[in-house]
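Survey of secondary and tertiary structure
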Amino acid sequence: MTDLTRRSFLKLSGVSALTVAGATFLTGCGPAAQSTNTTTASNTAGAKEEANTGQLGDGKTLRVGMEAAYAPYNWQVESASDTTIPIENVSGAYADGYDVQIAKKIAEALGMEPVAVKMEFGALVDSLVNGQIDIICAGMSVTAERAQSADFTDSYIDDEVVMVVKQDSKYASATKLSDFNGATVLGQKDTFYDDLIDEIPNVNHLTPVATVPLVVDGIENGTCDAITFSSMSLPNLLQNYPDLKKVELESGQGFSDPGNPDNAAIAKGQDQMLAKLNEIIAGISEADRLSIWQDCMDRQPA
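Residues numbered from 1 in each chain as written. Predicted model: local features only at pLDDT ≥ 70, side-chain atom pairs only at ≥ 80, totals over all residues. Heavy atoms only, no water.

1. Some points on the packing of helix H2 (residues 98-110) against helix H9 (residues 286-299)
Convention followed: In this description, a line fitted to the C-alpha atoms serves as the axis of each element, helices being fitted only across the stretch in contact, and the angle between N-to-C directions of two axes falls anywhere from 0 to 180 degrees. We count a stretch as a helix when DSSP gives it H or I for four or more residues in a row; a strand needs E for two or more, and each element gets its number in order from the N terminus. Should an angle fall under 35 degrees it is taken as roughly parallel, and over 145 as roughly antiparallel, whereas 65 to 115 is taken as roughly perpendicular and any remaining angle as oblique. Each crossing gets its hand from how the near helix is turned against the far one by less than a right angle, where anticlockwise is left-handed and clockwise is right-handed. Any two residues having at least one pair of non-hydrogen atoms within 4.5 Å are treated as being in contact. Here the term charged refers only to Asp, Glu, Lys and Arg, the term nonpolar to Ala, Val, Leu, Ile, Met, Phe, Trp, Tyr, Cys and Pro, and the term polar to all other amino acids, Gly among them.
Interaxial distance between H2 and H9 falls to 9 Å at its minimum, and their mutual angle equals 135°. In terms of orientation, H2 and H9 fall into the oblique class. The handedness of the crossing between H2 and H9 comes out as right-handed. When H2 is examined against H9, the residues Tyr 98, Gln 101 and Lys 105 are found in contact with a partner set consisting of Arg 289, Ile 292, Trp 293, Cys 296 and Arg 299. Broken down by class, the residue content of the contact of H2 with H9 amounts to four nonpolar, one polar and three charged.

2. Section: the pairing of strand S10 (residues 150-166)
Convention followed: Accessible area is worked out with a 1.4 Å probe on protein chains only. A residue is then buried under 20% of its type maximum, exposed over 50%, and partly exposed in between. Only strands joined by at least two bridges in the DSSP assignment are considered to pair.
Among the 17 residues of S10, 13 are classified as buried, and the element is accordingly described as predominantly covered. Here three bridges tie S10 to strand S14 (residues 244-246), and the two strands are oriented antiparallel to one another. Looking at S14, one finds that Val 164 is bridged to Lys 246.

3. Re the side chain of Asp 134
Put simply, the test is: A 3.5 Å cut-off defines polar contacts: any pair of N or O atoms within that distance qualifies, except that in protein one atom must be a possible hydrogen donor and the other a possible acceptor, and neighbouring residues in sequence count only when both atoms are side-chain atoms.
Inspection of the secondary structure puts Asp 134 in the loop between helix H3 (124-129) and strand S9 (135-136). There is a polar contact of 2.5 Å between the side chain of Asp 134 and the side chain of Arg 63.

As structure tokens, then:
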């Protein structure tokens, strides 16, 4: 959900415990003995030098962080195919989707084998910082807050945030955000789709939910008056839920910055690799990006 894709402001701590797929990883350690200080400093410098030579992880397996629950960007399936990659921490499961196809192209260009690492969206940046994954390809958008902890590539697709309501809603003919004054609105947790809701005057901002299907359930079940949604994912939504519609907001009367690019992210200190990733992404033509997206839209789960 172009960080939608998606742009949340994550509060990252320097020393913490992170739980991923039932395992707890400690992100801090006790002080080293004084006699190891020189060796530790040397190893750290060596690690930084190696990290900037253009290699991700072990150079063989590319661990790609994603939700595997955010179609058409990424989702989980039970069978392998030409469009899937294994999910490392879910036995017998595979990941598919637009992010997966881009990750496959990146891995191929780097001579690596991609595997997905499934986790909550809000845990991705922490996991990257702590070395549990090598790259994020998860519909995430770069923000100033996230950029303090990770380095982001150029976008590999550009989405936009829209408002969706039921066809018979009193807000169906809204033309500006202020028309939603007092409305109950729902978005996805830890994403830009949720952050933007506070721009609506006197909004009843519901506690965000973890996945896009739960967002859709909210509008279908009458929990909310409106939801924020991906413009590029909208055609499939309206096909599956004909009782819903996009609200057509007038130019200049919508969100302050509805743009929602999809950026990959890697740990800081890998300048050569960042440049290489941008070269790989630049090599994917606009026509190919749209073709890959449409293919994902066609085969994504309902």
